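# Commentary on secondary and tertiary structure
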Amino acid sequence: MKKIVISLGGSVLVPSLESNNIGRYVSVLRKLAGRCRVFVVVGGGGEARRYIQVARGLGAGEATADELGIQVTRLNARLLVAGLGDAAYPRVAENYTEAREFALAGKVVVMGGITPAQTTDAVSAVLAESIGADLLINATSVDGIYSADPKKDPAAVRYERLTPEGLLAIITRERMGAGANTVLDIVAGKVVERSGIPLLVLDGRDPENLYRAIVEGTFVGTIVSEEHVSPLPA
Ligand code: UTP
């Protein structure tokens, strides 16, 4: 079975705690689990950014703020595990070895953040490399990678396809701090480049987009891969 790592933005899975998309993701992930090996890395979203802001206001340094962000990603990950029930390994993996171990049970493996100075995008890319994934999907709150922030710049255009080098060039223009809102963090970009694993960035606000992309091969988004690599599993 093909192995797929899904980086699920916190803003997509838990836009707010009360109106979350966990139930909708649970049904899609359950369907996908019958067709491929699924690994999900959950982000912290707005809640993580709130904790980070409060910590900074208290004089905490960036690494401490990052640690708080990691805790929130793991809380969100636990919510997803709770929703998936028997379909998921019951613990949230806290490192890549654990993720590989948990995968032996044949269930969906869920992770949050790992270490400061990065985001869950980096975790998902390293996890993809570590398990030899066939595809990495970043389900986020925009429908792909744009030439500029589409929420701020009306002239921004979406890239249909980028090479890993092209992706890195875009990422390195942006700045990174705790809670930073960049297209993908630099660690993720570098790992995508060195691993050669195809990356698909799509709009995760509708969980069915994920299903359509993986099972039907239809999506609106950006593919990052060398020209000759087929981005979607057969
Ligand atoms: P996210 O991965 O959620 O960042 O981690 P994000 O870019 O805000 O993603 P969305 O909004 O969920 O899509 C939240 C914060 O947690 C810390 C960082 O401060 C990050 O900004 N974090 C996360 C780490 O320090 N290390 C990690 O491995 C993961």
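Below you will find a few notes about this structure.

### A look at the overall build of the chain
A tally of regular secondary structure across the chain gives nine helices and seven strands. Relative to the compact-globule value of 17 Å for 234 residues, the chain shows a C-alpha radius of gyration of 16 Å, a close match. Looking at the 234 residues of the chain, the share that counts as buried comes to 48%. Of the contacts made within the chain by residues no fewer than 6 positions apart, 69% connect residues no fewer than 24 positions apart.

### Describing the packing of helix α2 (residues 22-33) against helix α9 (residues 208-216)
In contact at an axis separation of 9 Å, α2 and α9 are set at 15 degrees when each is read in the N-to-C sense. By the criterion of interaxial angle, the relationship of α2 to α9 is roughly parallel. In terms of crossing hand, the pair formed by α2 and α9 is left-handed. Listed contacts from α9 to Tyr-25, Val-28, Leu-29, Lys-31 and Leu-32 of α2 are Glu-208, Leu-210, Tyr-211, Ile-214 and Val-215.

### Topic: the environment of Gly-132
Assignment of secondary structure puts Gly-132 in the loop between α6 (120-131) and β4 (135-140). A residue is classified by how much of its surface remains accessible, and Gly-132, at 43% relative accessible area, is partly exposed. Gly-132 sits 66 residues away from Pro-198 along the chain, and the two C-alpha atoms are 11 Å apart.

### Describing the pattern of salt bridges
The final tally for this structure, using the stated rule, is 12 salt bridges. As a salt-bridge pair, Arg-50 and Glu-47 come within 2.5 Å of each other at their nearest N and O atoms. One end of the pair, Arg-50, and the other, Glu-47, are both in helix α3 (residues 45-57), three residues apart, so they sit about a helical turn from each other. Residue classification places Glu-47 among the partly exposed residues on the basis of a relative accessible area of 35%. The salt bridge partner of Glu-98 is Arg-91, with a shortest N-O separation of 3.3 Å.

Definitions and limits used
- Within each chain, residues carry numbers counting from 1 in the order of the written sequence.
- This being a predicted model, a pLDDT of at least 70 is required before a residue's local features are given, and a value of 80 or more before pairs of side-chain atoms are given or counted; all residues contribute to the totals for chains, interfaces and linings.
- Excluded from the side-chain calculations are hydrogens and water; all other atoms, namely the structure's heavy atoms, are used.
- Every helix listed is a DSSP run of H or I at least four residues long, and every strand listed is a run of E at least two residues long, numbered separately from the N terminus.
- When we talk radius of gyration, it's over C-alpha atoms, and the globule rule is simply 2.2 Å times the number of residues to the 0.38.
- We call a residue buried when its accessible area falls under 20% of the maximum for its residue type, exposed when it is over 50%, and partly exposed in between, using a 1.4 Å probe and counting protein chains only.
- Contacts are assigned to residue pairs that have any heavy atoms within 4.5 Å of one another.
- Helix axes are fitted only over the stretch in contact, all axes being lines through C-alpha atoms; the angle between N-to-C directions runs from 0 to 180 degrees.
- Angle categories: roughly parallel below 35 degrees, roughly antiparallel above 145, roughly perpendicular from 65 to 115, and oblique for all the rest.
- Each crossing is labelled by how the near helix is turned from the far one, with a counterclockwise turn of less than a right angle marking it left-handed and a clockwise turn marking it right-handed.
- Here, a salt bridge means any side-chain nitrogen of Lys or Arg that lies within 4 Å of a carboxyl oxygen of Asp or Glu.

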